Amino acid sequence: MIEAYELTKVFDDFLAVDRVSLSIPAGSVLALLGPNGAGKTTTVRMLTCILAPNSGRATVAGYDIIEQPERVRAQVGVLTEQHGLYERMKAVEYLDFFGRVYRLEAAERRRRALNLMERFGLTNALDKRLGEYSKGMKQKLALVRAMLHNPPVLLLDEPTSAMDPHSAKLVRDAIIELQRDERTFLITTHNLTEAQQLADKIAIIRSGRIIASGAFEELARQFVGDPVMELRTAAPFNGLVKDVSDLVTVESSGDDWIRYRTTDPYSINPALLRRVTGLGVDVVTLAPVSQTLEDVYLQVVKEDEGVPANGERGG
Amino acid sequence: MASAAVKTVNTGTIRPGVWAQFRWTMSNALIITRREVRDSFRDWRIIAPIVILTFLFPFLAQFVAGQFVNYVTGFGAELIGERTIPFLLMVVGFFPISISLVIALETFVGEKERRSLEPLLSTPLTNTELYIGKTLAAMIPPLVSSFGGMAVYMGSLVFGELGWRPQPMLIVQIVTLTTVQALVMVTGAVVVSSQTTSTRAANLLASFIIIPMTLLIQGESAIMFLAPDAESSTGIGALWAIILGMVVVVTLLLRVGNSIFNREELLGRTIDQLNLKSAVRRIWRHMRMVDATGRPARSLVEWYRGGVFASLGRVKTAAWITIAVFLLALAAGFALGQTPEWRLTLVATGSLSETATNLGQYMNISTQLGGFRFILWQNARILLAATLLAMFSFGVAALVLTPAVYVVLGYLFSQVLLSGVNPTFMFAGVLTHGIVEIPVIVIATAAALYLGAVVTKPPKGMTVGQAWTAALGDTIRIGIGVVLPGLVLAAAIEAYITPRVVLLALGGG
Ligand SMILES: Nc1ncnc2c1ncn2[C@@H]1O[C@H](COP(=O)(O)OP(=O)(O)OP(=O)(O)O)[C@@H](O)[C@H]1O
Ligand SMILES: [Mg+2]
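Residues numbered from 1 in each chain as written. Chains lettered and ligands numbered in written order. Predicted model: local features only at pLDDT ≥ 70, side-chain atom pairs only at ≥ 80, totals over all residues. Heavy atoms only, no water.

Draft legend 1. Just the pattern of salt bridges, in detail. On inspection of all chains with the given rule, the structure shows 31 salt bridges over all chains. Between Asp304(A) and Arg209(A) there is a salt bridge, and its shortest N-O distance comes to 3.7 Å. Of the two residues, Asp304(A) sits in helix H11 (residues 293–306) while Arg209(A) sits in strand E10 (residues 209–214), which places them 95 residues apart along the sequence. Using a relative accessible area of 7% as the deciding quantity, one classes Asp304(A) as buried. Across the pair Glu36(B) and Arg35(B) runs a salt bridge whose closest N-O atoms are separated by 3.8 Å. With a relative accessible area of 4%, Glu36(B) lands in the buried category. In this structure, a network of salt bridges that share partners links the residues Arg35(B), Glu36(B), Asp39(B), Glu111(B) and Lys134(B). (Salt bridge = Lys/Arg side-chain N within 4 Å of Asp/Glu carboxyl O. Helix = DSSP H or I, 4+ residues; strand = E, 2+ residues; numbered from the N terminus. Buried < 20%, exposed > 50% of the residue type's maximum accessible area, 1.4 Å probe, protein only.)

Draft legend 2. Structural context of the sheet that holds strand E1 (residues 2–11) of chain A. All names here are of chain A. Spatially, the four strands line up as an open sheet ordered E2-E1-E4-E5, and their pairing is antiparallel. Both edges of this open sheet fall to strand E2 (14–24) and strand E5 (63–64), since each of them pairs with a single strand only. Note that E1 and E2 share seven bridges and pair antiparallel. Following the sheet pairing, Glu-3 is matched in E2 by Ser-23. Helix H1 (residues 40–47) rests against E1, E2 and strand E4 (55–60) of the sheet, and its axis sits at about 115° to E1. (Pairing = 2+ DSSP bridges. Contact = heavy atoms within 4.5 Å. Axes fitted to C-alpha atoms, helices over the stretch in contact; angles between N-to-C directions.)

Draft legend 3. Representation of helix H5 (residues 135–147) of chain A within the structure. Its 13 residues place the ends of H5(A) 19 Å apart at the C-alpha level, agreeing with the 18 Å of an ideal helix rising 1.5 Å per residue. For H5(A), the buried fraction is high: 11 of the 13 residues fall into the buried class. Of the residues making up H5(A), those classed as buried are Gly136(A), Met137(A), Gln139(A), Lys140(A), Leu141(A), Ala142(A), Leu143(A), Val144(A), Arg145(A), Ala146(A) and Met147(A). Tucked inside the fold, the buried residues of H5(A) contact strand E6 (76–79), helix H3 (91–101), helix H4 (106–119), strand E7 (153–157) and helix H6 (165–180) of chain A together with helix H5 (117–121) of chain B. (Expected span 1.5 Å × (residues − 1).)

Draft legend 4. Molecular detail of the domain arrangement of chain B. Residues and elements named next belong to chain B. We note that the domain assignment places domain 1 (15–268) and domain 2 (276–506) within chain B. Relative to domain 2, the C-alpha centre of domain 1 lies at a distance of 40 Å. Taken residue by residue, the interface counts eight residues in domain 1 and nine residues in domain 2. Interface area, domain 1 with domain 2, both sides summed: about 700 Å², of which 70% is carbon and sulfur. Inspection of the region where domain 1 meets domain 2 yields zero residue pairs in polar contact (both at pLDDT 80 or more). Taken together, the elements giving at least two residues each to the side of domain 1 that touches domain 2 come down to helix H10 (237–260) and helix H11 (263–268). No other element matches the six residues that H10 contributes to the side of domain 1 that touches domain 2. Residues that form the side of domain 1 that touches domain 2 fall into these classes: four nonpolar, one polar and three charged. (Domains from an automatic or database assignment. Buried area = accessible area lost by both parts, 1.4 Å probe. Polar contact = N/O pair within 3.5 Å; in protein donor to acceptor, adjacent residues only side chain to side chain. Nonpolar A, V, L, I, M, F, W, Y, C, P; charged D, E, K, R; others polar.)

Right, dumping it as structure tokens:
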């Protein structure tokens, strides 16, 4: 649905996006992560044909972003980083205006607007002027606007950054539901838990370059290694590390716990349990330590910092 | 479900037929216009002046007109009184359209400032649709107010005790003037607002529009009082000329606006800053480069072959236009010389050597040694001035300033022919160095024209700024590589060789 090949954007002399390639199949969600100023918003803007890339190409929903910008824009719903609502308008009028722009029939406009407003809990703010909306309400309304014409592709730049936990959950649920409906998403976010929950694929961008991309599990394996297991015992036990050292390499340990990595939990874990039980130690739990996207992200960025920055970069 | 929903989406399909395409564009533009006009009418800062200027001000003007007519009639100066009435009509019409400037700055820069432009830019609307929609939105409320005000004013005069019988064509002129002036202000505001991202800066820049506009109104007022054809049933000639001039300005501004008003220009910059260093660097790079990748020239030969010739290729169209204008100028000068009232007295003298002396003065054929520097400086100065003025006039100045020389030339030529003298010496005097000088001037003028006009239609894929810096690079390159050496050569010929050739042609000593 979205295919980008070596998109590059230079502002004056500043290389903001450097040969970014992305591939997002229909019905999947890609989370674009990266530090501030990494080039996420600029990438989204290129995919919506608002900024022209200096080089590279991309197609969105089958249309070329350079040759067919109007068609591309008709197929995407965009949540811009700055929501920029018309403060003097009421929500109904605002959505009606955008519905017209997308050439929706009057009845359809109204129906979709009401549905979406209800879905995001904004029904009783329909007649409020947008200037009186709170920050999170504005963001939700902007999201409603992006989804109004039921586009097959949604580009959401930090969709939940200002929302309360409940609203953020509503948004995530909406995304998951739409995804089931074969919608394609590109989401930029600083909320790594959210990215981990939603994304089929994650791309990390830094200084305009994609420095890592893939499914979370792949990235986790690549950057933080094999899954870590933790074994807890009922009482402190001295010398456990030594007693199991022929089975596993213990990474860290405490009085009543050890952690180790394994590529083969199916054979290692039962063997370890037998050994420990055989030693007369009562085991409370043996469980994988969940790797978070945060671990992965921090590791990716740390490793990339070792790489010298591109010589052309300047600002 | 997905396909059903997607069907309702505006796919921006290119419909067959120009008319259908136009209707589609307009209906999209009007969606924007409708919203913005409604937004304007929500703003009491816009509503209040509009109401006052439409309904109260005309009565005030009518009252003033009545008083003034009575007053001056008391002194037997009915004429002035008569002419005050259409003058005030113009004023009544002009005041409201000055609001269009405020609205235009608000809709173009204000929206940029509040960041509400980006969602709009992410919709399938085309740049042109947005541009038309917003331009109309800035025009409609002030024009409604302006026309309303004029109607109220005229109604009160025609049906009031004054029983004014206006000259219909003059009314048409005033209404047309008001409309084109509103267009100039709005299209000018678009250009101004593209250069800035804050309304404050835009308001400062707007004085570049409002000051010439005020001067123009003053000129128009003077014309309406003083024009000898003020009562003519075909309207005042000078006002028609102003209308025509304004239409040209509007056309140029619309073109510039349409090329400036695009997504890249609107969002490509977020803060008001003049990055002089990087601009200079870009121009410098463009001057030296010999291919599209920006590779700098390694030798003079390479620079000429890959760089200067490429620049010359780009100004080709401009060069043809320049040649056409020069020929026209020559013809115009010649034609002018044929009319009796423009003939020179020398034509009657008949003496060859006397003619030569006389003409020598007119043609400024210098036989002095210092002539070389003088001629060079003279030519370089005209071309430099033409280039600088061209930058601020979309290239028009280039086509006005330099051809003036050719009008004079054509004129002199016609005088020589009329005098019955063999024109060989004339050719000798002009063509000897002209062989070098004329092409050089054509090229220089073409470069100036190109530089000025490039902003009205940047090459595909370039922003106005990029196109302009590239064109400046081309101009400098042509200036250094072709024009300067050419002028030096031409001046040398003119100072040292031409005089001898002329004397030879005259057969004297
Ligand atoms: N219009 C512009 N002109 C010049 N530089 C720009 C422009 N827009 C963005 N940049 C620069 O490009 C880089 C990338 O900006 P971008 O907004 O894409 O970052 P981002 O990844 O979205 O950051 P954030 O997480 O803070 O939203 C930044 O260094 C920024 O300064
Ligand atoms: Mg961003």
